[in-house]
Amino acid sequence: MVAPFLKQFYAVSAVWVNMLAQGMLLSYTTSLLPALKEPDSPIRADIHTASWLASSVGVAGIPGFLLSSSLMDLYGRKITHFIVILPGAIGWLMIYFATNIPTLMVGRILGGMSTGATVSLGAVVIGEYSSPKYRGIFLNLKTASVCMGGMLIHILGHFYHWRSVAMMALAPNIFALIIIYTWPESPAWLASKKQYEQSKISFYWLRGQSEESIEELEKMIRTQKLKTMLTRKVRYLESIAEFFKKFTKKDFVKPLIIILVGSLLLEMCGRHLFPAYALQIIGEITGSKSQSFYYTLATDVIITASAVSSSILVKIMKRRTLLFSTGYAAFFVLMIVCTYLFLVSKEIISKDYPWIPIGLFVIYFILANLGCTPIPLALLGEVFPLAHRGTGSAVSGIWMSLCLMLSLQLTPHMLDSIKVYGTFAVFGIVIGITLTILYFMMPETKDKTLQEIEDYFNYGKFENDIDDDPEVKIKMTKNDLDDNVNDRVR
């Protein structure tokens, strides 16, 4: 008999492979844009066109998020994941055969749709397919996969033509589709659709039948049955009203704020913009274009290793401890390196020691990839209650796409105008602000079931603490009674 861990590992590996493809798409501009600026290139692009080629994936992420959030509620996680990867595969083929800028743009937009659609969907899949003790590791490996994809593109782009790289980047999409085809459907989604027997079969296939897993399944099904009893069918206009009504519910609003702030933190840490403009950034710091590839490759290896290390640390340390200890340390290191580069630009410090700012940037990215980049993405698969998971993914997805678009669009212009030190100083200030907000809002989710996290956002405490707090127990009872009364009134 195959151990539950191996089955969960196999199932979520499709998400990791797809995240590898995302990392390749986001970093592809380091291979594409320099080639388009060559004098003998059959397709030419100026800085304005280049910035749009880079940032178009962010714009395209918005319809991707909306598509996946609606489809995942209607047709389940498996079918939706399969469907939303297809545009990305088609996009790589269009890039390979492109003979002009519009075709390249369409290819990037299709890839961006798949990227946006699978960011939140992948987190939801890992959250629902894996047990609490593995969920943190699996979610953090998403970030490691993106970093690995970026490193792979930097290597391939150095040795192969950008068309060949595009064809190679198609492979992870195909592998992901093959694995997804063999998935069971999500037990949580099946339970939400009143398919309780199928939910049990899927849950036991993924998680086994230990005492702990049986208890978790029974609680999930019991909760969904209660919600089904209290839910009535609504008309189209009422469904729109229900959508906006979510913004008055604390179990939706507070998780949403956490995700929005966390997404901004994630973007300002340079998770997407550094792989996209790595050669330009390091070239400016070192003053040597010929050596920038090797510096970039070394940085990629270290960043990927730190992302993998985060997956181990998240098993040992609490989420909050890991995020804020590494986050504030990364902030201070970033401020130091920006100050150093500023002094170099004013010729107060000699520029003959490029290894110093490179080394500081390496330390910064190690720290950032230990907490600031993986944990906000992990929270995306944890904090939204099942009833709000689709809507929450859509709203947060639009915000994440806008952040991605703006960062990729503005970064080349900022690098030209205020240089590397000014650009990262702006990012650093935002990092400090977002970390402080999260410090006062983010709960500790380590080893908590999704149902326990949902109860926390409803009642302000986790299940173990509720039993010791008579006020919260009275509040829970009152809310349940109010729901019954409101249902009867309707």
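The residue numbers shown here count from 1 along each chain, following its written sequence. The predicted origin of the model limits local features to residues at a pLDDT of at least 70 and limits the giving and counting of side-chain atom pairs to 80 or more, whereas totals for whole chains, interfaces and linings rest on all residues. Computation of side-chain values covers all heavy atoms of the structure but excludes hydrogens and water.

Moving on to the overall build of the chain. The secondary structure listing takes helices from DSSP runs of H or I that are at least 4 residues long and strands from runs of E that are at least 2 residues long, numbered from the N terminus. Assigned secondary structure in the chain consists of 23 helices and 0 strands. In terms of C-alpha radius of gyration, the chain reaches 23 Å, essentially the compact-globule figure of 23 Å for 490 residues. Taken along its principal axes, the extent of the C-alpha atoms in the chain is 70 × 50 × 50 Å. In this scheme, a residue with accessible area under 20% of its type's maximum is buried, one over 50% is exposed, and one in between is partly exposed, where area comes from a 1.4 Å probe on protein chains only. Classification of the 490 residues of the chain by burial places 57% in the buried group. Intrachain contacts of the chain at a sequence separation of at least 6 include 80% that bridge at least 24 residues. Carbon and sulfur atoms make up 67% of the accessible area of the chain, which totals about 21,100 Å². Charge assignment in this entry is limited to Lys and Arg as positive and Asp and Glu as negative, and neither His nor the chain termini are counted. Here the site of a charge means atom NZ of a Lys, CZ of an Arg, CG of an Asp or CD of a Glu. Computed over 44 positive and 37 negative side-chain charges, the separation of the two mean positions in the chain equals 3 Å. For this measure, only C-alpha atoms enter the radius of gyration; the expected value for a globule follows 2.2 Å times N^0.38, where N is the number of residues. Any two residues having at least one pair of non-hydrogen atoms within 4.5 Å are treated as being in contact. Where accessible areas are quoted, they stem from the Shrake-Rupley method and a 1.4 Å probe; at the residue level, only the protein chains shown are allowed to cover.

Another point: the confidence of the model for the chain. Fine structural detail should not be taken from predicted coordinates in areas where pLDDT scores are low. Predicted confidence across the chain gives a mean pLDDT of 84, with 90% of residues reaching 70 or more. Confidence, expressed as mean pLDDT per element, reaches its minimum in the chain at helix α23 (residues 470-489) with 46 and its maximum at helix α8 (residues 170-181) with 95. Residue-level confidence of the predictor is summarised by pLDDT, bounded by 0 at the bottom and 100 at the top. In this model, residues 480-490 is a region of pLDDT below 50 whose contacts with residues beyond four sequence positions or in other chains number 8 contacts.

Attention shifts here to the packing of helix α1 (residues 4-27) against helix α10 (residues 196-207). Interaxial angles span 0 to 180 degrees and are taken between N-to-C directions of axes, which are lines fitted to C-alpha atoms, for helices over the stretch in contact. At their nearest, the axes of α1 and α10 sit 6 Å apart, and the two run at 105° to each other. With respect to α10, the element α1 is oriented roughly perpendicular. Residue-level inspection shows Pro4, Lys7, Gln8 and Ala11 of α1 in contact with α10, the latter providing Trp205, Leu206 and Arg207. Three classes are used, and their members are as follows: Ala, Val, Leu, Ile, Met, Phe, Trp, Tyr, Cys and Pro are nonpolar, Asp, Glu, Lys and Arg are charged, and the others, Gly among them, are polar. Of the residues contributing to the contact of α1 with α10, the split by class is 4 nonpolar, 1 polar and 2 charged. Here the angle decides the label: under 35 degrees means roughly parallel, over 145 means roughly antiparallel, 65 to 115 means roughly perpendicular, and every other value means oblique.

A contiguous nonpolar surface patch, about 340 Å² in accessible area, is contributed by Val2, Phe5, Leu6 and Phe9. Note that Leu6 resides in helix α1. Each patch is built from residues that are more than 30% exposed by relative accessible area and take part in no salt bridge. Like charges join if they lie within 9 Å; nonpolar side chains (Val, Leu, Ile, Met, Phe, Trp, Tyr) join within 5 Å. Here, a salt bridge means any side-chain nitrogen of Lys or Arg that lies within 4 Å of a carboxyl oxygen of Asp or Glu.

Bringing the state of the cysteines into the picture now. Here, two cysteine sulfur atoms that lie within 2.5 Å of each other are counted as a disulfide. All told, the structure shown has 0 disulfides when counted by the stated rule. Left unpaired, Cys147 is separated from the closest cysteine sulfur, that of Cys269, by 11 Å.

With respect to the element layout, Thr423 can be found in helix α20 (residues 419-441). With a relative accessible area of 1%, Thr423 lands in the buried category. Whenever a nitrogen or oxygen atom comes within 3.5 Å of another N or O atom, the pair is scored as a polar contact, on the condition that within protein one atom can donate a hydrogen and the other can accept it, and that pairs from neighbouring residues in sequence are kept only if both atoms are in side chains. Side-chain polar atoms of Thr423 contact the backbone oxygen of Met414, separated by 3.4 Å. Within the local environment of Thr423, its side chain forms a polar contact with the backbone oxygen of Lys419, the two atoms lying 2.8 Å apart.

Below, the discussion takes up the packing of helix α13 (residues 250-268) against α20. Two elements in contact, α13 and α20, have axes separated by 9 Å at closest approach and are oriented at 155°. With respect to each other, α13 and α20 are oriented roughly antiparallel. Crossing of α13 over α20 shows left-handed handedness. Facing α13, whose interface residues are Lys254, Ile257, Ile258, Val261, Gly262, Leu264, Leu265 and Met268, α20 presents Phe427, Val430, Ile431, Thr434, Leu435, Ile437, Leu438 and Met441. Throughout, a crossing is termed right-handed when the near helix is turned clockwise from the far one, and left-handed when it is turned anticlockwise from it by less than a right angle.

Before going further, it helps to examine the environment of Gly371. Tracing the backbone shows Gly371 in the loop between α17 (355-370) and α18 (374-380). Between the C-alpha atoms of Gly371 and Leu36, which are 335 residues apart in sequence, the distance is 36 Å. Excluding residues within four positions of it along the chain, Gly371 makes contact with Leu322, Leu323, Thr326 and Pro376.

The pairing test for Phe, Tyr and Trp rings, Trp by its six-membered ring, is centres within 6.5 Å, and the orientation test on the planes gives stacked under 30 degrees, edge-to-face over 60, and tilted for anything in between. This structure, assessed with the given rule, holds 21 aromatic pairs. Each ring, one from Phe342 and one from Tyr421, has its centre 5.5 Å from the other, and the planes form 70°; the classification is edge-to-face. Of this pair, Phe342 sits in helix α16 (residues 319-345) while Tyr421 is found in helix α20, placing the two residues 79 residues apart along the sequence. Members of the aromatic cluster, each reached through a chain of ring pairs, are Phe5, Phe9, Trp16, Tyr134 and Phe138. Taking NZ or CZ as reference, Lys225 lies 5.0 Å from the ring centre of Tyr196, over its face. Only Lys NZ and Arg CZ are tested; either one counts as a charge over a ring when it is within 6 Å of the ring centre and within 35 degrees of the ring normal.

A cluster of acidic residues, Glu211, Glu212, Glu215 and Glu218, forms a negative patch at the surface. For Glu211, the location among the structural elements is in helix α11 (residues 211-229).

A separate point is the nonpolar core. Here the nonpolar core consists of buried residues drawn from Ala, Val, Leu, Ile, Met, Phe, Trp, Tyr and Cys, with membership extended through side-chain atoms lying within 4.5 Å. The biggest cluster of nonpolar side chains holds 119 residues, and the ones touching the most others in it are Leu104, Phe361, Tyr364 and Phe424. The biggest single contributor to this core is helix α5 (residues 101-129), with 11 residues. With 8 residues, the next largest nonpolar core counts Tyr196, Leu217, Met220 and Ile221 among its residues.

Moving on, we come to the environment of Met94. Here Met94 lies in helix α4 (residues 77-97). For Met94, a relative accessible area of 27% puts it in the partly exposed group. Measuring from C-alpha to C-alpha, the distance between Met94 and Leu74 comes to 30 Å, with 20 residues separating the pair along the chain. For Met94, the contacting residues outside a window of four places in its chain are Thr103, Val106, Gly107 and Leu110.

Take the residue count of a helix, subtract one, and multiply by 1.5 Å to get its expected span. Spanning 16 residues, α17 covers 22 Å between terminal C-alpha atoms, matching the ideal 22 Å at 1.5 Å per step. Among all positions in α17, only Pro357, Ile358, Leu360, Phe361, Val362, Tyr364, Phe365, Leu367, Ala368, Asn369 and Leu370 are buried.

With phi around 65°, Lys194 is a residue other than glycine that occupies positive phi space. By secondary structure assignment, the location of Lys194 is in the loop between α9 (187-192) and α10. Phi is positive for Glu347, which is not a glycine, with a value near 60°. Tracing the sequence through the fold places Glu347 in the loop between α16 and α17.

By the definition in use, this model includes 7 salt bridges. The salt bridge involving Asp455 is made with Lys219; its shortest N-O contact spans 3.8 Å. Linking Asp455 in helix α21 (residues 450-459) with Lys219 in helix α11, this pair joins segments that are 236 residues apart in sequence. In terms of burial, Asp455 and Lys219 fall into one category: buried. Where Arg319 meets Glu382, a salt bridge forms, and the shortest distance between an N and an O atom there is 2.8 Å. Of this pair, Arg319 sits in helix α16 while Glu382 sits in the loop between α18 and α19 (389-417), placing them 63 residues apart in sequence. We note that Arg319, like Glu382, is buried.

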